[in-house]
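Structural overview
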Amino acid sequence: MLKIELGSNRIFGLDLLRFFAIIMVLISHGRSILNPIFNSTDFMSLGGFWGVELFFVLSGFLIGGILIKIFEKEDSFDKEIILSFWKRRWFRTLPNYYLILIINVLIAIAIGRFVFNDIRYYSIFLFFQNFFTRHPGFFGEAWSLAVEEWFYLIFPVILFFVNSLLFPLQKKQSKFLISIIIVFLCSFILKLITVIYLNAEWDSGIRKIVPLRLDSILTGVLFAWLNYYKIDVFVKYKKIMLVFAFFLLTISLFNYYNDILKEGILESSFFSKTLYFNITSLGFAFLLPYANSNRTVGLKSIWRKGVTLISLISYSMYLIHYSFVFLVINRLSKINDSIMFSIIMYCCYFGITIIFSILLYKYFEKPMTDLRDFNSNTKGLNSVKSYVKKGVMVVSNAIKP
């Protein structure tokens, strides 16, 4: 029932980065369960920040690579190409998102937590909830998904206009780089304006506002550009980049504990609200050349199988770990404040998240993703039928007396 086809042609290094990203997020978000053990669990909150930043960079690198291949392959980068790209992205991300969102809405209404007069609760369906204002206290995981969805929407459009305006004055690689620079600078300048004139606070006022975070994803896109057009540099200097990654992430670590936590998100420095995000993103991006060279040749070890599995289900894990699993486990953990009980509850938090995510991935996420190919062949549709049938059998067997 829980078996998933892992594949043997994956890039293990990138799977490993995605594995660490989701594990860091889970460690951070579930930290209050361990309150009976530590005087304060704030030190674990770094995982939430680093995990999401790593996800941003990985998304930029992978989706940027896809866009570059499309851009180079097609004679004209027109609206049909963009619509095809959006369709494939949306089949990958939106079905899972809306399923979990609707369940969250129904639960919130049932327990009286849905704020009917707050427009952000409705705009979350269109990823507008944290475009200009802070994210509502509902389905908190969605803030980073809004950043990624708006990147998918905005960047191809900018690339289309750059390609149209500069044709045939520039090579395609120059046009793609110019598009990266335009979106990156717009995002960073907006961040500067927000900090200088609005004195926004570090977390909900800057970190979680969509237009101010696109530059982090664009850092990953820049490294995708290097990987495609400057592959010799990308490969030759991968070990040197690994050193730079260690150096920048050490700065990020030091600043987080000596400014963000020590001074508080309201009093954090100008550096923390601006360049700090870019330094952290660049630190993770410098890991990409080395990670991208670590390719899987068969998945024989349990370690590699486990990492690949968590990587595959990481999106489902991100969607359900907090709004569903954590809220239930956290309430149960209040029953007993012993150290052993806290450890058991923390392990249950991880275990239940993984089990539910495997089921969600196998019986919903993957079938929905397969649907994006059903126009060209019947594989996607047959896959959906097969998985739905298996899912019905699983549920049926589970409820039999």
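This is a predicted model, so every value here is computed, not measured.

The rules we used
Residues numbered from 1 in each chain as written. Predicted model: local features only at pLDDT ≥ 70, side-chain atom pairs only at ≥ 80, totals over all residues. Heavy atoms only, no water. Helix = DSSP H or I, 4+ residues; strand = E, 2+ residues; numbered from the N terminus. Contact = heavy atoms within 4.5 Å. Areas by Shrake-Rupley, 256 points an atom, 1.4 Å probe, with all protein chains shown as cover. 1 Å grid on protein atoms, 1.4 Å probe; cavity = no way out; pocket = protein on both sides within 12 Å on 5 of 7 lines; lining within 4 Å. Points joined across faces, edges and corners; volume = space filled by probe spheres on them. Nonpolar A, V, L, I, M, F, W, Y, C, P; charged D, E, K, R; others polar. Salt bridge = Lys/Arg side-chain N within 4 Å of Asp/Glu carboxyl O. Axes fitted to C-alpha atoms, helices over the stretch in contact; angles between N-to-C directions. Parallel < 35°, antiparallel > 145°, perpendicular 65-115°, else oblique. Buried < 20%, exposed > 50% of the residue type's maximum accessible area, 1.4 Å probe, protein only. pLDDT = per-residue confidence, 0-100. Core = buried A, V, L, I, M, F, W, Y, C linked by side-chain atoms within 4.5 Å. Polar contact = N/O pair within 3.5 Å; in protein donor to acceptor, adjacent residues only side chain to side chain. Patch = residues over 30% accessible without salt bridge, like charges linked within 9 Å, V, L, I, M, F, W, Y side chains within 5 Å.

**Observations regarding the overall build of the protein chain**
Secondary structure assignment for the protein chain yields 17 helices and zero strands. Sequence separation of at least 24 residues holds for 77% of the intrachain contacts in the protein chain that already meet a minimum separation of 6. Surface summary for the protein chain: the accessible area is close to 19,800 Å², and the carbon and sulfur share equals 68%.

**Details of the layout of surface pockets**
Roughly 1,100 Å³ of volume is contained in the second largest pocket. Lining the second largest pocket are 40 residues, with Gly140, Glu141, Tyr322, Phe326 and Leu327 positioned closest to its centre. For the lining of the second largest pocket, the secondary-structure elements that each account for two or more residues are helix H1 (12–29), helix H2 (46–73), helix H3 (79–110), helix H7 (203–207), helix H10 (238–263) and helix H15 (314–333). Top element by residues in the lining of the second largest pocket is H15. It accounts for eight residues. The residue inventory of the lining of the second largest pocket, partitioned by class, reads 21 nonpolar, 11 polar and eight charged.

**Side note on the pattern of salt bridges**
For the structure shown, the criterion picks out 10 salt bridges. Measuring nitrogen to oxygen at the nearest pair gives 3.4 Å for the salt bridge that ties Lys208 to Asp203. Linked through salt bridges whose partners overlap, the residues forming this network are Arg10, Asp15 and Arg18.

**Topic: the packing of H3 against H15**
At a closest axis distance of 10 Å, the pairing of H3 and H15 adopts a crossing angle of 10 degrees. Here H15 runs roughly parallel to H3, going by the angle between their axes. Where H3 abuts H15, its residues Arg92, Thr93, Asn96, Tyr97, Ile100, Ile103, Asn104 and Ile107 lie against Tyr315, Ser316, Leu319, Ile320, Ser323 and Phe324. Class assignment of the residues belonging to the contact of H3 with H15 gives a composition of eight nonpolar, five polar and one charged.

**Some details on unusual backbone geometry**
Outside of glycine, negative phi angles account for most residues, and trans bonds account for most peptide bonds. Even without being glycine, Phe139 reaches a positive phi, approximately 50 degrees. Structurally, Phe139 is set in the loop between helix H4 (120–123) and helix H5 (142–166). Residue Phe139 is classed as buried on the basis of its relative accessible area of 3%. Here Asn199, not a glycine, exhibits a phi torsion of approximately 50 degrees, which is positive. If you trace the backbone, Asn199 turns up in the loop between helix H6 (172–198) and H7. Since its relative accessible area comes to 57%, Asn199 is described here as exposed.

**Observations concerning the side chain of Asn330**
In this structure, Asn330 sits in helix H15. The class for Asn330 is buried, based on a relative accessible area of 15%. Those residues within four positions of Asn330 in sequence are excluded, and the remaining contacts are Ser32 and Ile33.

**Considering the confidence of the model for the protein chain**
Any segment with low pLDDT has predicted coordinates that should not be analysed in fine detail. Summarising the model, the protein chain shows a mean pLDDT of 89, and 90% of its residues fall at 70 or more. The least confident element of the protein chain, judged by mean pLDDT, is helix H17 (residues 379–399) at 47; the most confident is helix H12 (residues 275–285) at 98. In this model residues 376–381 is a low-confidence stretch, pLDDT under 50, and it forms five contacts with partners more than four residues away in sequence or in other chains. Counting interchain partners and residues more than four positions distant, the pLDDT-below-50 stretch residues 394–401 has two contacts.

**Here's the deal with the nonpolar core**
Tyr97, Phe176 and Leu288 are the most contacted members of the largest nonpolar core, which totals 111 residues. When residues of this core are assigned to their parent elements, the largest contribution, 14 residues, is made by H2. Those residues in contact with Leu288 that lie beyond four places of it in its chain are Leu14, Leu17, Val57, Leu58, Phe61, Phe223 and Phe234.

**Considering the side chain of Ser316**
Note on placement: Ser316 falls in helix H15. With a relative accessible area of 0%, Ser316 lands in the buried category. A polar contact of 2.5 Å, which involves the side chain of Ser316, links it to the side chain of Glu365. Residues in contact with Ser316, not counting those within four places in the same chain, are Asn96, Ser357, Leu360, Tyr361 and Glu365.

**Brief notes about a nonpolar patch on the surface**
Residues Ile181, Leu185, Ile189, Leu190, Ile193, Ile196, Tyr197, Leu198 and Phe270 make up a contiguous nonpolar surface patch of about 930 Å² in total accessible area. For the nonpolar patch, the element with the highest residue contribution is H6, accounting for eight residues. Secondary-structure assignment places Leu190 in helix H6. Relative accessible area serves as the criterion here: at 39%, Leu190 is assigned to the partly exposed category.

**Structural notes on the environment of Gly48**
Mapped onto the fold, Gly48 is located in helix H2. Taking the C-alpha atoms as reference, Gly48 lies 8.6 Å from Ala21; in sequence the two are 27 residues apart. Discounting chain neighbours no more than four positions away, the residues touching Gly48 are Met24, Val25, Ser28 and Arg207.

**Let's talk about helix H14 (residues 302–312)**
The set of residues buried in H14 consists of Val307, Thr308, Ile310, Ser311 and Leu312. Looking at the buried residues of H14, the elements they touch are H1, H15 and helix H16 (339–370).

**Here's the deal with the environment of Ser293**
The residue Ser293 is located in the loop between helix H13 (288–292) and H14 in this model. Owing to a relative accessible area of 38%, Ser293 belongs among the partly exposed residues under this scheme. Within polar-contact distance, the side chain of Ser293 engages the side chain of Lys238 at 3.3 Å.

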